Amino acid sequence: MSTLQVQPVARKVTALRWLPPHGGSAYTDTELHFVTGSSGKHKELVLWTTPNPDFSNTSESNSDIKTNALATVISKIPHDGDVQKIVSLSSGVLATASSFGTVSIYSVDTETNAKMDNKGAVGLRESVAAHKFCNGEAAVATSLAVQPAGSNNDVEMASCGEDGRVSYINASRPDALQSYEVDSTVVTDICWPTAAQVAISTRGGQLKLFDRRSPNTIAAVFVDPSASYAFESINVHPSQSHRLVTGTNTGAVLLWDVRNPRKPTNENFNVHEGNVWQVAFDPKDATRIVSCSEDASMAVTQWVPEGSIGGGATALGVAPEKTRGVRRLSSMFNALSINCFDACPFTRTNLLIAGSDSGNLLMEKGVNSAFGDF
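Residues numbered from 1 in each chain as written. Predicted model: local features only at pLDDT ≥ 70, side-chain atom pairs only at ≥ 80, totals over all residues. Heavy atoms only, no water.

1. Some remarks on the nonpolar core
So the rule is basically this: In these notes, a set of buried Ala, Val, Leu, Ile, Met, Phe, Trp, Tyr and Cys residues joined through side-chain atoms within 4.5 Å is what counts as a nonpolar core. Any residue under 20% of the maximum accessible area for its type is buried, any over 50% is exposed, and the rest in between are partly exposed; the area is computed with a 1.4 Å probe on protein chains only. What counts as a helix is a DSSP run of H or I of at least four residues, what counts as a strand is a run of E of at least two, and both are numbered from the N terminus.
Membership of the largest hydrophobic core comes to 17 residues, with the highest contact counts inside it found for Trp18, Phe34, Trp48, Cys344, Leu351, Ile353 and Leu361. Looking at this core, the elements that each hand over two or more residues are β3 (12-18), β4 (31-39), β5 (44-51), β28 (351-356) and β29 (360-365). Of all the elements, β3 adds the most residues to this core, at three residues.

Encoded structure:
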């Protein structure tokens, strides 16, 4: 079990996102920025800065870093409802999904003197009501995803909600929202495998695919016939659109290959003991799946041995059992659910940050390569 660094922040952290650099993917800044969203008593967005580990003393270990110096607050702004999801549209624009059913777009300034007086670094641009029940009551917008390969001026987002609907919002014209009923249960999470395809996970235990060009038609539905559970989260492989990963309410992480819609394959990794709130492929090493759970832990699951993709693997691309493993991360100072995380894709050093119901930010710099058995 690896230990996460902890910084108390006195609020439930339910969403977070690293902000991309202004100059592109090659990060040369000595400071990194990320945004957190919270719920409960403190419903707000907080802009943070933290030192770029690529420019720190390479001999410095995690144990040498003081727990109260992980990140510094730049700015705060109230948020309308609990923050369910944060996505980045560009280096200066982000969007959020709210428990009040709204999708909101914010401008972010990390360069001017606004950050010196703790004012004005994050500002609300526009909000749109994206999810509501048939009686007009607001439905929780459970998640939000950004269409890949969109231009900064024509970015489309897709949100999902407890109303069983998917809504499409253009960032430049959010009032021109398009909404479609896609399921009779809660749609828990959403992602874009391609610029023309959307995938959702449902509380009813289904994985569904939709063609954006025919949003009323379900392109494919997948279930795991070997078990009955709810899907709480979904994500897509960064370069293989047919490979999806879902998290369940039983603590399992499922890796899917949907190249053959009539006969999809999946692999089950039982790495948690509670709801898996978020899953994602590691942006620096897609042979690893990162997840966080209600059981107050995170897991990094290696599903293909390093440097041997395809070698001796099954049709799914999963290596033989003895070569797979999991690395679990937790902290004795964090006893409640870890709700969200984001792995920084802009640095050479592996940098993982997470948020929890214990009112903590959690961080790991660098990766311990020791993987244990499942």
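2. A short note on the sheet that holds strand β11 (residues 141-146)
Applicable threshold: Whether two strands pair comes down to DSSP finding at least two bridges between them. To obtain each axis, a line is fitted to C-alpha atoms, and for helices this fit is confined to the stretch in contact; angles are then taken between N-to-C directions over 0 to 180 degrees.
Strand order in the open sheet formed by four strands is β11-β12-β13-β14, and the pairing between neighbours is antiparallel. At either end of the open sheet lies a strand with only one pairing partner, and these are β11 and β14 (173-181). For this sheet, the mean inter-axis angle between neighbouring strands, taken without regard to orientation, is 20°. As defined by bridge partners, strand β12 (residues 156-161) adjoins strand β13 (residues 165-170) across five bridges and the pair is classed as antiparallel. Across the sheet, Cys160 pairs through a bridge with Val166, a residue of β13.

3. Some remarks on the environment of Cys160
The condition is simple: By definition, residues are in contact when any of their heavy atoms lie within 4.5 Å.
Within the secondary structure layout, Cys160 lies in strand β12. The spatial distance from the C-alpha of Cys160 to the C-alpha of Ala97 is 9.0 Å, given a sequence separation of 63 residues. With residues up to four places along the chain from it excluded, the contact list for Cys160 reads His131, Val140, Ala141, Thr142, Ser143, Arg165, Val166, Val187, Thr188, Asp189 and Ile190.

4. A look at the pattern of salt bridges
The condition is simple: One side-chain nitrogen of Lys or Arg within 4 Å of one carboxyl oxygen of Asp or Glu is enough to make a salt bridge.
Inspection of the entire model under this criterion finds 10 salt bridges. The salt bridge involving Glu232 is made with Arg203; its shortest N-O contact spans 3.4 Å. Here the residue Glu232 occupies a position in strand β19 (residues 231-236), and Arg203 occupies one in the loop between β16 (197-202) and β17 (207-211), the gap between them amounting to 29 residues. Given the relative accessible area of 8%, Glu232 is considered buried.

5. Looking at the packing of aromatic side chains
Our working rule: Note on ring pairs: Phe, Tyr and Trp rings are taken, using the six-membered ring of Trp, and paired if centres are within 6.5 Å. Classes follow the plane angle, with under 30 degrees stacked, over 60 edge-to-face and the rest tilted.
According to the stated counting rule, one finds eight aromatic pairs in the structure shown. With 6.2 Å between their ring centres and 90° between their planes, Phe231 and Trp256 make a pair best called edge-to-face. Of the two residues, Phe231 sits in strand β19 while Trp256 sits in strand β21 (residues 252-257), which places them 25 residues apart along the sequence. Between the aromatic rings of Phe281 and Trp303, the centroid separation amounts to 6.2 Å while the plane-to-plane angle is 70°, which identifies the pairing as edge-to-face. Remark: Trp303 occurs in the loop between β25 (298-302) and β26 (325-330) and Phe281 occurs in strand β23 (residues 276-282); sequence separation between them is 22 residues. An aromatic cluster of at least three residues, connected via ring pairs, comprises Phe222, Tyr229, Phe231 and Trp256.

6. A closer look at the sheet that holds strand β20 (residues 243-248)
Pairing in this open sheet of four strands is antiparallel, and the strands run β19-β20-β21-β22 from one edge to the other. The open sheet has two edge strands with one neighbour each: β19 and β22 (265-270). Within this sheet the neighbouring strands show an average axis-to-axis angle of 20°, counted without direction. Here β20 pairs with β21 via five bridges, running antiparallel. Opposite Gly247, over in β21, you have Val253 as the bridge partner.

7. A short note on the layout of surface pockets
For the record, the criterion: Put plainly, a pocket is an open set of points on a 1 Å grid over the protein atoms alone with protein on both sides within 12 Å along at least five of seven lines, a cavity is a set where a 1.4 Å probe fits but cannot get out, and a lining residue has an atom within 4 Å of a point. Grid points are joined across faces, edges and corners, and a volume is the space filled by probe spheres set on the points.
A volume near 530 Å³ is recorded for the second largest pocket. Taken together, 26 residues make up the lining of the second largest pocket; nearest its centre are Thr14, Gln84, Thr142, Trp277 and Asn339. Those elements giving two or more residues to the lining of the second largest pocket turn out to be β3, β7 (83-90), β11, β15 (187-194), β23 and β27 (338-343).

8. With respect to the side chain of Thr188
Applicable threshold: Identification of polar contacts relies on pairs of N or O atoms within 3.5 Å, with a donor-acceptor requirement for protein atoms, meaning one able to donate a hydrogen and the other able to accept it, and with residues adjacent in sequence counted only if both atoms are side-chain atoms.
Following the sequence through the fold, Thr188 ends up in strand β15. Residue classification places Thr188 among the buried residues on the basis of a relative accessible area of 7%. There is a polar contact of 2.8 Å between the side chain of Thr188 and the side chain of Ser201. Only 2.8 Å separates the side chain of Thr188 from the backbone oxygen of Phe231, close enough to count as a polar contact. Residues within four places of Thr188 in sequence aside, it is in contact with Thr142, Ser143, Cys160, Ser201, Thr202, Arg203, Phe231, Glu232 and Ser233.

9. Notes on the side chain of His131
Along the chain, His131 turns up in the loop between β10 (122-129) and β11. Separated by 2.8 Å, the side chains of His131 and Ser159 make a polar contact. Those residues in contact with His131 that sit more than four places away from it in its chain are Gly101, Ala138, Ala139, Ala141, Ser159, Cys160, Gly161, Asp163, Arg165, Val166 and Ser167.

10. Considering unusual backbone geometry
Among all residues save glycine, negative phi is the norm, and among peptide bonds the norm is trans. Its identity is not glycine, yet Ala10 carries a phi of approximately 60°, on the positive side. Within the secondary structure layout, Ala10 lies in the loop between β2 (5-8) and β3. Taking relative accessible area as the criterion, Ala10 reaches 59% and is therefore assigned exposed. Even without a glycine there, the phi angle at Ala296 is positive, about 70°.

11. Observations regarding the pairing of β26
Among the six residues that make up β26, five are buried, leaving the element largely enclosed by the rest of the structure. When strand β1 (residues 2-3) meets β26, the two strands line up parallel, connected through two bridges. Looking across to β26, one finds that Ser2 is bridged to Leu329. Relative to β26, β25 runs antiparallel, the two being bridged by five bridges. Residue Ala299 lies in a different strand from β26, and its bridge partner there is Arg328.

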